[in-house]
Amino acid sequence: MKAIKIFWVSCLAVLFTIGMNACSKSNDANPTPATTDNLATIQGMQFMPATITVLLGSRTTWTNMDATAHTVTSDDGTSFSSGTISPQGTFSFTATQLGSYHYHCSIHPTEQGIVQVVTR
Ligand SMILES: [Cu+2]
């Protein structure tokens, strides 16, 4: 019986954590790093969120919500480069080094964003 109780407490803890993450994602002013998967979009010719803070070793996935193609290309030209992302397409980048990665869309250079890679 004790094992079952621990199981349910664990489930509640997981649900609580998911709920907190869902709330924090809409708060750009005080970003809270997610643990493993970070979701961003390209929407209305903008990266959203424009600055995303992620944990070292975690993965960030951009989804192109526009009807036109975009890219996710690091300004340094070497950290990551998606190539063309078709409408509804995705691109993922796993952060293996700390720092701020400035990036842009090579098709529309005014689209710019930052991935901040931090430890907990
Ligand atoms: Cu673009």
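Since the structure is predicted, the reported quantities are computational estimates derived from the model, not experimental observations.

What about the overall build of the protein?
- Counting secondary structure elements, the protein contains 1 helix and 8 strands.
- Intrachain contacts of the protein at a sequence separation of at least 6 include 43% that bridge at least 24 residues.

Quick look at unusual backbone geometry
- The amide bond that connects Met48 to the next residue, Pro49, takes the cis arrangement and shows omega of -5°.
- Within the fold, Pro49 resides in the loop between strand 2 (46-48) and strand 3 (51-55).
- Phi angles above zero are rare outside glycine, and Met45 is one such case at about 65°.
- Of the residues examined, Met45 has 13 C-beta atoms within 10 Å and is grouped as partly exposed.
- One non-glycine residue, Gln88, lies in the positive phi region at around 75°.
- Here Gln88 lies in the loop between strand 5 (73-74) and strand 6 (90-94).

So, the pairing of strand 1 (residues 37-43)
- Residues Asn38, Ala40 and Ile42 line the buried face of strand 1, whereas the alternating positions Asp37, Leu39, Thr41 and Gln43 sit on a face that is not buried.
- The pairing of strand 1 with strand 4 (residues 59-64) spans 6 bridges and is parallel. Its bridge partner being in strand 4, Leu39 is matched across the sheet by Thr61.
- When strand 1 meets strand 2, the two strands line up antiparallel, connected through 3 bridges. Across the sheet, the residue bridging to Ile42 is Phe47, located in strand 2.

Description of the sheet that holds strand 6
- Pairing is mixed across the open sheet formed by 4 strands, whose spatial order is 2-1-4-6. Every other strand in the sheet has two partners, leaving strand 2 and strand 6 as the edge strands with one partner each. Sheet twist, expressed as the average angle between the axes of neighbouring strands with direction ignored, equals 20°.

Some words on the confidence of the model for the protein
- Chain-level pLDDT for the protein is 83 on average; 71% of the residues reach the 70-or-more range.
- Every residue in residues 14-30 is under pLDDT 50, and counting partners more than four places away or in other chains gives 3 contacts.

Here's the deal with the nonpolar core
- In this structure, Val54, Trp62, Val72, Ala95 and Val115 are the most contacted members of the largest nonpolar core, which totals 15 residues.
- Of all the elements in the fold, those that place two or more residues in this core are strand 1, strand 3, strand 6, strand 7 (99-104) and strand 8 (112-118).
- What Ala95 contacts, discounting residues up to four positions off in sequence, is Val54, Leu56, Gly57, Ser58, Thr60, Val115 and Val117.

Quick word on the sheet that holds strand 3
- A sheet is described by the order of its strands in space; here 4 strands give the open sequence 3-8-7-5, paired in mixed fashion. Every interior strand has two partners, whereas the edge strands, strand 3 and strand 5, have only one.
- Here strand 5 pairs with strand 7 via 2 bridges, running antiparallel. Within the sheet, the bridge partner assigned to Thr73 lies in strand 7 and is His104.

Some words on the pairing of strand 7
- Here strand 7 runs beside strand 8; their pairing, made up of 6 bridges, is antiparallel. When the sheet's bridge partners are listed, His102 is paired in strand 8 with Ile114.

The rules behind each value
Residue numbers restart at each chain and count upward from 1, following the sequence in its written direction. Note on the predicted model: pLDDT of at least 70 is required for a residue's local features to be given, and 80 or more for side-chain atom pairs to be given and counted; whole-chain, interface and lining totals, by contrast, use all residues. Helix numbering and strand numbering both begin at the N terminus, where a helix is a DSSP run of H or I of at least 4 residues and a strand a DSSP run of E of at least 2. The contact criterion used here is simple: two residues whose C-beta atoms, placed from the backbone, lie within 7 Å are in contact. The exposure scheme places C-beta atoms from the backbone and then counts, for each residue, the other C-beta atoms within 10 Å of its own, assigning buried at 20 or more, exposed at 12 or fewer, and partly exposed in between. Note on pairing: DSSP must find at least two bridges between two strands before they are called paired. The angle between two axes is taken between their N-to-C directions and runs from 0 to 180 degrees, where each axis is a line fitted to C-alpha atoms and a helix contributes only its stretch in contact. Note: pLDDT gives the predictor's confidence per residue, expressed from 0 to 100. What makes a nonpolar core is a set of buried Ala, Val, Leu, Ile, Met, Phe, Trp, Tyr and Cys residues, with links drawn between C-beta atoms within 7 Å.

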